[in-house]
Amino acid sequence: QQPVQSPQAVILREGEDAVINCSSSKALYSVHWYRQKHGEAPVFLMILLKGGEQKGHDKISASFNEKKQQSSLYLTASQLSYSGTYFCGTRGSNTGNQFYFGTGTSLTVIP
Amino acid sequence: KAGVTQTPRYLIKTRGQQVTLSCSPISGHRSVSWYQQTPGQGLQFLFEYFSETQRNKGNFPGRFSGRQFSNSRSEMNVSTLELGDSALYLCASSARQGTNYGYTFGSGTRLTVV
């Protein structure tokens, strides 16, 4: 039931764009996105709720396709500070069931 | 505003011992969740507490237990430690129960079992 993310790893040059996908085998109520830098705790980026889409940052946005049980995170004009591991987090209902984190995507931005 | 505080930051224990980890959520946050993070398994859900009640539990053996106090502080206990319990244990708090609110994570407790 753990969401699967793709790609597992990606290397970008500054200014390039990237897309990270999160796919679940279960119906989703909401999707969270987090970024974790090496040696640090995960940091919340944004939530996407069923029936809507929420953008957390100017150059980092996301979409949520309820029918396909998928979410995608879009990073545009990447900066060095974007490097880290990105996790999606999902749950099938608002308060019930477990909250599952995805398998993670390692993103490295190089000069 | 203080963040999520986890103590201790590092622990070294021997197989068979037990350990208690502590988490103080952001002031006003009533929901606390615990996760185990390992290189091979990623972030695995342990428990979720809200208003002193365990709302959800992950697929971990009964050696893993937790509780939440009236001030929303939470503890988790692992008894009869095994080598495989070595991991980073992360606590996250949220303003309310439910996934409409983002989680704020603490810096974690790095547990090493030898």
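Everything below is about the structure shown above.
This structure is a prediction, so every number in the text was calculated from the model and none was measured.

Analysis parameters
Residues numbered from 1 in each chain as written. Chains lettered and ligands numbered in written order. Predicted model: local features only at pLDDT ≥ 70, side-chain atom pairs only at ≥ 80, totals over all residues. Heavy atoms only, no water. Helix = DSSP H or I, 4+ residues; strand = E, 2+ residues; numbered from the N terminus. Buried < 20%, exposed > 50% of the residue type's maximum accessible area, 1.4 Å probe, protein only. Contact = heavy atoms within 4.5 Å. 1 Å grid on protein atoms, 1.4 Å probe; cavity = no way out; pocket = protein on both sides within 12 Å on 5 of 7 lines; lining within 4 Å. Points joined across faces, edges and corners; volume = space filled by probe spheres on them. Nonpolar A, V, L, I, M, F, W, Y, C, P; charged D, E, K, R; others polar. Buried area = accessible area lost by both parts, 1.4 Å probe. Salt bridge = Lys/Arg side-chain N within 4 Å of Asp/Glu carboxyl O. Polar contact = N/O pair within 3.5 Å; in protein donor to acceptor, adjacent residues only side chain to side chain. Disulfide = S-S within 2.5 Å.

Student: I'm lost on the overall build of chain A in this one. Help?
Tutor: Of the regular secondary structure elements, chain A holds 0 helices and 10 strands. Secondary structure of chain A in N-to-C order comes out as β-β-β-β-β-β-β-β-β-β. For chain A, with 111 residues in total, the buried portion stands at 43%. A separation threshold of at least 6 residues defines the contact pool for chain A, and within that pool the share at least 24 residues apart is 56%.

Student: Can you help me understand the layout of surface pockets in this one?
Tutor: Once rolled over the atoms, a probe with the size of a water molecule shows which space is left empty. Its volume calculated, the largest pocket comes out at about 570 Å³. Lining of the largest pocket is provided by 23 residues; of these, Gln 36 and His 38 of chain A together with Gln 37, Leu 88 and Arg 110 of chain B occupy positions nearest its centre. Elements with a minimum of two residues in the lining of the largest pocket: β8 (84-91) of chain A together with β4 (31-38) of chain B. It is β8 of chain A that contributes the most residues to the lining of the largest pocket, 3 residues altogether. When its residues are assigned to classes, the lining of the largest pocket shows 4 nonpolar, 15 polar and 4 charged.

Student: Would you mind going over the interface of chain A and chain B with me for this structure?
Tutor: Accessible area lost upon the coming together of the parts serves often as the stated size of an interface. With 21 residues of chain A at the interface, the matching set in chain B holds 22 residues. When chain A packs against chain B, the two sides together hide about 1,700 Å² of surface, and 52% of this comes from carbon and sulfur. Put simply, chain A and chain B have 0 salt bridges between them. Viewed at the interface, chain B and chain A are joined by 2 residue pairs in polar contact (both at pLDDT 80 or more). Where the side of chain A that touches chain B is concerned, the elements lending two or more residues are β4 (30-36), β5 (43-49) and β8 of chain A. In terms of residue class, the side of chain A that touches chain B is made up of 10 nonpolar, 10 polar and 1 charged.

Student: Explanation requested: the state of the cysteines in the structure shown.
Tutor: Any covalent bond linking the sulfur atoms of two cysteines counts as a disulfide. If you walk through the whole model with that rule in mind, you get 2 disulfides over all chains. Note that Cys 22 of chain A is cross-linked by a disulfide to Cys 88 of chain A, the S-S spacing being 2.1 Å. A torsion of 70 degrees about the S-S bond marks the disulfide between Cys 22 of chain A and Cys 88 of chain A as right-handed. Residue Cys 22 of chain A is found in strand β3 (residues 18-23), and its partner Cys 88 of chain A is found in strand β8; the two are separated by 66 residues along the sequence. For Cys 23 of chain B, the disulfide goes to Cys 91 of chain B, at an S-S distance of 1.7 Å. An S-S torsion of about -55 degrees defines the bridge between Cys 23 of chain B and Cys 91 of chain B as left-handed. Taken together, the positions of Cys 23 of chain B in strand β3 (residues 19-24) and Cys 91 of chain B in strand β9 (residues 87-94) put the pair 68 residues apart, joining distant regions of the chain. Per residue, the accessibility class of Cys 23 of chain B equals that of Cys 91 of chain B, and both read buried.

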